Amino acid sequence: MAQSAQPSIQPLIRRLAADIQRHFVRHRRIILWGVSIFVMAAAAGVWVVARSLPGRDALESLGDMSQATTLYDVHDRPVFTIFKEYRVAVPLSKVSPNLTRAILAIEDQRFAEHGGVDVFRIVAAAWADLRKGRAAQGGSTITQQLARQMFLDRKKTIARKIKEAMLALRIERMYSKDEILELYLNKVYFGDGLHGAEAAARGYFGKSASDLSLSEGALLAGLVSSPSNNAPTVSLPRAIVRRNIVLKAMHDEGIITPEAFERATNEPVKLRDTLRREEPLGQYFKEEVRQQLVKQFGWQRVSESGMRVYTTIDPEMQQAAERAIAQSLRQIEARRAAKSRPLQFANHPEPLQAALVAIDPASGEVRAMVGGRDFSDSRFNRAIQARRQPGSAFKPFVYATALEAGYSPASVIDHLDAPIDTPQGAWTPEDEHSTAPAMTMRAALRTSSNRAAVRMLQNVGISKTVAYARRLGIGTLPSVPSLALGSGEVTLMSMTSAYSVFASGGLRRPPILIRRVEDDQGRTLFEAKESAQQVVSPTTAFLMSSMLADVVSRGTAYKARQEGFTLPAAGKTGTTNDFVDAWFVGFTTKLVAGVWVGFDQPRTIIANGFAGDLAVPMWARFMKSATVNDKPEWFTPPPGIVTARVCGESGMLAADGCDNAVTEYFARGTVPTETYVPPPEPEAPPVAVVAINERTRGALGTEPPPDPARTVAADAPPPGPEAADGAEPDPPKKKHGFWGRLFGKH
């Protein structure tokens with residue numbers, strides 16, 4: 001039956017062909033018009049598509065792709081990245097051939113032959129799609145993929161494919177094959193936020209793209225088709241399967257030998273991220289740098305242009321700062337837990353906070369900064385943004401003003417027990433450390449006497465002190481007597497920077513975090529300039545450093561020595577009312593560091609929580625690590641500094657009879673002119689004299705009798721104020737017998 005059916009089909013085909021020919025002849029005009037309209041419509045569509053394509057200028061800027069900004073430390077080593085996309089652009093010469101050959105083997109084997117569109121690959125892909133009944137294979141070349149990544153979306157439409165092909169042809173006319181491959185390798189996405197070969201190599205294997213092995217290059221090449229699903233950090237088994245497919249393609253194409261194929265397929269995958277591993281370190285520092293960059297250059301440029309930012313951070317110091325804060329907070333909280341009732345913590349879930357800033361006084365460069373206990377919990381930077389009362393840490397600015405006004409460390413501050421007149425009435429500051437009615441300025445600072453600081457503020461003037469504090473970098477302050485006790489609000493950064501004036505010979509250098517900014521081609525966009533202003537005299541800076549050294553050696557900050565910090569140092573503690581804030585700012589010749597401890601919502605840290613117990617140990621732990629290689633140096637007295645021997649209590653020039661004579665520093669012209677005269681020793685009672693004379697006469701028979709006048713004078717009371725002015729002295733007191741002397745007058 002099959003043989004008899006064959007002849008019957010042929011007449012049908014002939015009749016059908018004849019009918020078509022007849023209809024074409026009859027309707028050829030209509031058909032030709034239809035074909036013409038279709039061709040014209042297709043041409044118009046292509047013209048419209050072409051008009052919507054990027055112009056020549058856009059194609060010429062094909063290499064301007066988003067890449068991460070890299071932040072370098074003080075030693076010019078990369079420490080942070082700021083990015084919209086993780087990308088580090090590199091030239092083709094810096095990419096391992098193991099990766100480039102793997103990419104070509106799996107993505108575009110005829111890359112060197114085609115002109116942007118591979119017709120043979122398109123036909124093969126279409127045939128594969130027809131066989132499988134779905135879009136199973138892509139026919140895009142590397143050039144087409146580059147065009148799509150740079151200018152088009154990923155929607156699979158006819159219009160997009162036309163645009164992609166047309167752009168690929170244009171790109172091939174404007175760029176060489178090596179340039180196209182370099183652009184592609186820097187643009188393509190490898191998953192896990194990593195764009196480009198260099199970022200992928202660092203992010204997955206901890207090495208540069210130039211050092212990739214055959215197995216590693218094949219694994220990266222295998223990610224291109226589906227990076228989000230095949231990334232080794234998402235699914236290592238899928239990544240290995242894709243790697244082996246790439247290696248098989250390379251083997252089949254004769255790119256690698258069977259032995260190399262065998263070794264590479266059996267090589268274990270060792271993941272190591274060096275691109276993002278440093279990010280947990282110094283997050284408060286990085287965020288402040290980012291904000292400064294965005295303010296100056298804008299977010300788009302900072303996140304996409306691949307700038308190189310050379311910062312001032314010292315990673316070793318930063319690590320020491322974070323360790324010191326973490327350890328100290330644990331100890332303080334353990335003390336709080338031991339002293340507090342269990343429910344007290346439940347009522348106050350807010351964690352205790354701390355901040356630290358370290359500055360090089362010779363440059364103003366910030367070496368370390370911690371703005372809180374955990375950046376992931378709170379990005380609020382307490383080193384820069386929090387304004388708190390500094391307590392007694394403000395007192396050095398009062399005494400610096402006094403030194404500038406002609407006072408000296410030996411100047412005596414008296415009337416300390418007299419109240420201070422204020423608009424609210426008489427006020428006598430509380431003083432935990434000293435109740436002496438008078439003391440030298442050096443002793444007042446060492447003991448942190450509140451009354452002495454307030455009295456000195458009154459002596460030199462509040463407005464003058466506020467002006468000097470402003471010159472040192474302290475902002476707006478209240479003009480009230482309690483200013484001497486730190487009633488104004490300041491930041492830790494401004495306080496630390498102000499203390500650096502004492503450590504730098506009176507020069508104020510604004511704190512800086514960024515040394516230099518370059519574009520991706522190495523052109524300088526910004527460079528920090530030396531900006532030093534003499535705000536106090538070198539003699540004042542030296543004298544303040546000398547007095548503040550006493551605070552560390554034998555004053556309120558002595559626990560720094562107990563913690564094992566031995567370098568010559570100076571500084572001042574600060575504790576606010578109700579033990580709400582604890583401060584310490586101190587310095588050596590090479591480094592100034594300030595620390596603060598407290599709650600964001602001010603409340604008592606711990607009962608009797610003085611800064612010497614809370615802040616000083618934190619500071620000492622940091623400084624022990626930060627200055628471990630420093631020599632025990634101290635400041636050389638500048639010209640204009642002289643020394644003199646004075647009595648420690650009176651501040652006068654020492655003479656015979658001064659029991660506590662010390663060598664003191666002075667600015668020339670401020671050495672005291674008065675010499676200390678010790679008070680006369682009281683004469684011996686006449687009874688004793690008589691007794692001694694009688695014994696002596698009894699023994700030797702030669703001593704003269706006592707002088708009656710001398711006996712009466714010795715028994716008389718010392719003259720009072722009236723007697724000193726020439727009035728009659730009080731009559732002598734009546735003598736008492738033995739029983740009277742034993743039981744008293746009555």
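Residues numbered from 1 in each chain as written. Predicted model: local features only at pLDDT ≥ 70, side-chain atom pairs only at ≥ 80, totals over all residues. Heavy atoms only, no water.

**Overview of the overall build of the protein chain**
Move 1: When helices and strands are counted, the protein chain shows 28 helices and 20 strands.
Move 2: Scored against the burial criterion, the 746 residues of the protein chain give a buried share of 45%.
Move 3: Taking the contacts inside the protein chain whose residues are at least 6 apart along the sequence as the reference set, 69% of them involve residues at least 24 apart.
Move 4: Accessible surface computed for the protein chain: about 38,400 Å², of which carbon and sulfur atoms make up 54%. (Helix = DSSP H or I, 4+ residues; strand = E, 2+ residues; numbered from the N terminus. Buried < 20%, exposed > 50% of the residue type's maximum accessible area, 1.4 Å probe, protein only. Contact = heavy atoms within 4.5 Å. Areas by Shrake-Rupley, 256 points an atom, 1.4 Å probe, with all protein chains shown as cover.)

**Details of helix α13 (residues 283-297)**
Move 1: For α13, which comprises 15 residues, the first-to-last C-alpha distance of 21 Å matches the rise-based estimate of 21 Å (1.5 Å per residue) to within 8%.
Move 2: Listed in full, the buried residues belonging to α13 are Gln283, Tyr284, Phe285, Lys286, Glu287, Glu288, Val289, Leu293 and Phe297. (Expected span 1.5 Å × (residues − 1).)

**Some details on the pairing of strand β17 (residues 581-587)**
Move 1: Of all 7 residues making up β17, 7 are buried, and the element is well covered by its neighbours.
Move 2: What you see with β17 is no split at all: Asp581, Trp583, Val585 and Phe587 on one side and Ala582, Phe584 and Gly586 on the other are buried throughout.
Move 3: Between strand β16 (residues 570-575) and β17, which pair antiparallel and follow one another directly, the connecting turn spans 5 residues, one of which, aspartate 578, has a positive phi of 60°.
Move 4: For β17 and strand β18 (residues 592-598), the ladder comprises 7 bridges, and the chain directions are antiparallel. (Pairing = 2+ DSSP bridges.)

**Side note on the sheet that holds strand β13 (residues 514-518)**
Move 1: Taking strand neighbours across the sheet as the criterion, the 5 strands line up as β2-β1-β5-β13-β14 in an open arrangement whose pairing is mixed. At either margin of the open sheet sits one strand with a lone partner, and together these are β2 (78-82) and β14 (524-527). Averaged over neighbouring strand pairs, the angle between their axes works out to 20° when direction is ignored.
Move 2: Across 3 bridges, β13 lies against β14 in antiparallel orientation. When the sheet's bridge partners are listed, valine 517 is paired in β14 with phenylalanine 526.
Move 3: Helix-sheet contacts for α13 involve β1 (69-72), β2, β5 (308-311), β13 and β14, and the interaxial angle to β2 is about 50°. (Axes fitted to C-alpha atoms, helices over the stretch in contact; angles between N-to-C directions.)

**Some points on the packing of aromatic side chains**
Move 1: In the structure shown here, the tally under the stated rule is 14 aromatic pairs.
Move 2: Arranged with centres 5.1 Å apart and planes meeting at 90°, the rings of tyrosine 284 and phenylalanine 375 form a pair that is edge-to-face. With tyrosine 284 in helix α13 and phenylalanine 375 in the loop between β7 (366-370) and α17 (395-404), the pair connects residues that are 91 residues apart, well separated along the chain. The pair tyrosine 284 / phenylalanine 375 is uniform in exposure class, with both members buried.
Move 3: Considering the side-chain rings of tryptophan 634 and phenylalanine 635, the 4.6 Å spacing of their centres and the 65° angle between planes classify their relative orientation as edge-to-face. (Phe/Tyr/Trp six-rings, centres within 6.5 Å; stacked < 30°, edge-to-face > 60°.)

**Things to note about the sheet that holds β17**
Move 1: The strand order β7-β6-β18-β17-β16 describes an open sheet built from 5 strands, whose pairing is antiparallel. In this open sheet, the two strands that pair with only one neighbour each are β7 and β16. Across the sheet, the mean angle separating the axes of adjacent strands is 5° when strand polarity is ignored.
Move 2: In the sheet, strand β6 (residues 353-359) pairs with β18 via 7 bridges, with the strands oriented antiparallel. Note that in β18 the partner of alanine 355 across the bridge is tryptophan 596.

**A look at unusual backbone geometry**
Move 1: Located in the positive-phi region is histidine 415, a residue other than glycine, with phi close to 55°.
Move 2: Inspection of the secondary structure assignment puts histidine 415 in the loop between β8 (412-413) and β9 (420-422).
Move 3: Residue class for histidine 415 comes out exposed when judged on its relative accessible area of 51%.
Move 4: One non-glycine residue, phenylalanine 579, lies in the positive phi region at around 55°.
Move 5: Relative to the helices and strands, phenylalanine 579 resides in the loop between β16 and β17.

**Remarks on the packing of helix α8 (residues 197-205) against helix α9 (residues 214-223)**
Move 1: Running from N to C, α8 and α9 point in directions that differ by 115°, and their axes come no closer than 11 Å. With respect to α9, the axis of α8 lies roughly perpendicular. The two elements α8 and α9 cross, and the hand of that crossing is right-handed. Contact residues: Ala200, Ala201, Tyr204 and Phe205 in α8; Glu216, Leu219, Leu220 and Leu223 in α9.
Move 2: In terms of residue class, the contact of α8 with α9 is made up of 7 nonpolar, no polar and 1 charged. (Parallel < 35°, antiparallel > 145°, perpendicular 65-115°, else oblique. Left-handed = near helix turned anticlockwise from the far one by under 90°. Nonpolar A, V, L, I, M, F, W, Y, C, P; charged D, E, K, R; others polar.)

**Focus on the pattern of salt bridges**
Move 1: In this structure the tally under the stated criterion is 23 salt bridges.
Move 2: Between aspartate 519 and arginine 523 there is a salt bridge; the shortest N-O distance is 2.8 Å. (Salt bridge = Lys/Arg side-chain N within 4 Å of Asp/Glu carboxyl O.)

**Digging into the environment of threonine 539**
Move 1: By the secondary structure assignment, threonine 539 is in helix α22 (residues 538-554).
Move 2: Taking relative accessible area as the criterion, threonine 539 reaches 14% and is therefore assigned buried.
Move 3: On a C-alpha basis, the gap between threonine 539 and tyrosine 665 in space is 9.6 Å, while along the polypeptide they are 126 residues apart.
Move 4: Ignoring anything within four residues of it in the chain, the contact list for threonine 539 reads Pro638, Pro639, Gly640, Ile641 and Ala667.
Move 5: A distance of 2.9 Å separates the side chain of threonine 539 from the side chain of serine 537, its partner in a polar contact. (Polar contact = N/O pair within 3.5 Å; in protein donor to acceptor, adjacent residues only side chain to side chain.)

**Brief notes about the side chain of glutamine 144**
Move 1: Along the chain, glutamine 144 falls in helix α5 (residues 142-151).
Move 2: Overall, glutamine 144 belongs to the buried group, its relative accessible area being 3%.

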